[in-house]
Amino acid sequence: RQIDFRAPALPRSSTQTCWPRRSGGQHLHAVLLVRSSGIRSSGMGSNETRKAFLRAAFRRRAAFVATAALLAFFFLLDFKPAETQTKIATATYGACPDKIEVTRRGATIAGARPILKGKVCAQAVDAGFCIDEPKKPLRCLPSFIVAGAQKAATGWLRQRLAAHPSLAQGGGKEVHYFDKLQNLHEWRSTYLDNFATPSALITYEKTPDYLPNATALKSIYSLIPSVSLIFMLRDPSSRAYSAYQHHCRKGRFYEGPKFALEEDVTGRPLAAPCAPEDFEAFLRVDKGVVTNTQTRLVTWGLYADQIKQVRALGFDDARLLVIMSETAMKDPSKLLDAVVQWLGLERFDFSSLRTFTDAL
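Parameters and conventions
Residues numbered from 1 in each chain as written. Predicted model: local features only at pLDDT ≥ 70, side-chain atom pairs only at ≥ 80, totals over all residues. Heavy atoms only, no water. Helix = DSSP H or I, 4+ residues; strand = E, 2+ residues; numbered from the N terminus. Buried < 20%, exposed > 50% of the residue type's maximum accessible area, 1.4 Å probe, protein only. Contact = heavy atoms within 4.5 Å. Axes fitted to C-alpha atoms, helices over the stretch in contact; angles between N-to-C directions. Parallel < 35°, antiparallel > 145°, perpendicular 65-115°, else oblique. Left-handed = near helix turned anticlockwise from the far one by under 90°. Nonpolar A, V, L, I, M, F, W, Y, C, P; charged D, E, K, R; others polar. Pairing = 2+ DSSP bridges.

(A) Expanded view of the overall build of the chain. When helices and strands are counted, the chain shows 10 helices and 16 strands. In the chain, buried positions account for 39% of the 360 residues. A separation of at least 24 residues holds for 68% of the contacts in the chain among residues at least 6 apart in sequence.

(B) Inspection of the packing of helix α5 (residues 236-249) against helix α6 (residues 276-283) at higher detail. In the contact formed by α5 and α6, the axes pass within 11 Å of each other and the chain directions differ by 110 degrees. Comparing the axis directions of α5 and α6 gives the class roughly perpendicular. Once α5 is placed against α6, the crossing between them reads as right-handed. Contact residues: A240, Y241 and Y244 in α5; P276, D278 and F279 in α6. Looking at side-chain class alone, the contact of α5 with α6 contains 5 nonpolar, no polar and 1 charged residues.

(C) Expanded view of the sheet that holds strand β8 (residues 144-148). The strand order β9-β10-β8-β11-β16 describes an open sheet built from 5 strands, whose pairing is parallel. Where the open sheet ends on each side, the last strands, each with one partner, are β9 (167-169) and β16 (320-324). With strand direction ignored, the average angle separating the axes of adjacent strands in the sheet is 25 degrees. As defined by bridge partners, β9 adjoins strand β10 (residues 202-206) across 3 bridges and the pair is classed as parallel. Within β10, the position partnered with Q169 by the bridge is Y204. In the packing of helix α2 (residues 154-161) onto the sheet, the strands contacted are β8, β9, β10 and β11 (228-233), and the crossing angle to β10 comes to about 160 degrees. The strands touched by helix α10 (residues 332-343) are β8, β11 and β16; relative to β16, the strand with the most contacts, the crossing angle is about 175 degrees.

(D) Broad picture of the environment of F144. Structurally, F144 is set in strand β8. Accessibility expressed as a relative area gives 0% for F144, which makes it buried. Measuring from C-alpha to C-alpha, the distance between F144 and L229 comes to 5.6 Å, with 85 residues separating the pair along the chain. Excluding residues that lie within four positions of it along the chain, F144 makes contacts with L161, L167, T203, Y204, E205, V227, S228, I230 and L343.

Here it is, written out as structure tokens:
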């Protein structure tokens, strides 16, 4: 005997006394084919016979479902999900020409510098690469960046390193390209033009606002992934108060006090130097605890999170240098010798330079 589940539904006739049961919301119609039995081939037999075969069909289906469920259970016991890979999106700078053959080789301090001719696309360059275009001076992308932190003696370090004969600082005091860029495709003119150097000196820039800016860091890594990054850090409390006075001198704090960089303000700005009481009022200090924790005066001092973000982007640890400014000021010459050595440059006597004290 065989139950055929592929047969079309039979119309109900006067000889049928009941419909088959529903299964999963659908009618289960079975045609009983009888061989070598006493039941007539043209009919379904008695109700008891039909019910018996239907029960048998359901038992077989239940056994099949149970077996499949058991196999799935043992599979799940042995299943180990793949580790989630964090993918951090980076900025893109447009497609390269089809015939470009230059590959990224990383920042070059010593030895021959890569000099590319013509309008080279962004994917073909890296830190330290020089671009030679007609009717323009030789321009070399920076090999390192002093990228933070604000009010932590980065100006002092920039000025000292500029005295080294192998180095050429680009963009004046600060460049502010990656933290304020509007069009990534303008890197060749807007950014590269900051680093004209006829003798192919090693170029660098200083913009401390890069460190707390995730978008800026991503854009840096997209254009010059092998660049070396120097971070001058300072005690977060001292840094916050110094930043407060810095913005006060720029006329950015108003009565309340309110910070013009973070909210709409009206009226006359506080007169510099701003009072310490206004600093505490702005941070909403309650029993020695700062409650206004979302202001940039506080968040820009969360160095651990910022350095973690830098490493997550893919910057090589060997190209990251972290300096505490308080330690550097105790023995500036020793610190500068260490930085020059880390960069792979020849030693230079910085002691003859004039005193620079307004960085902090």
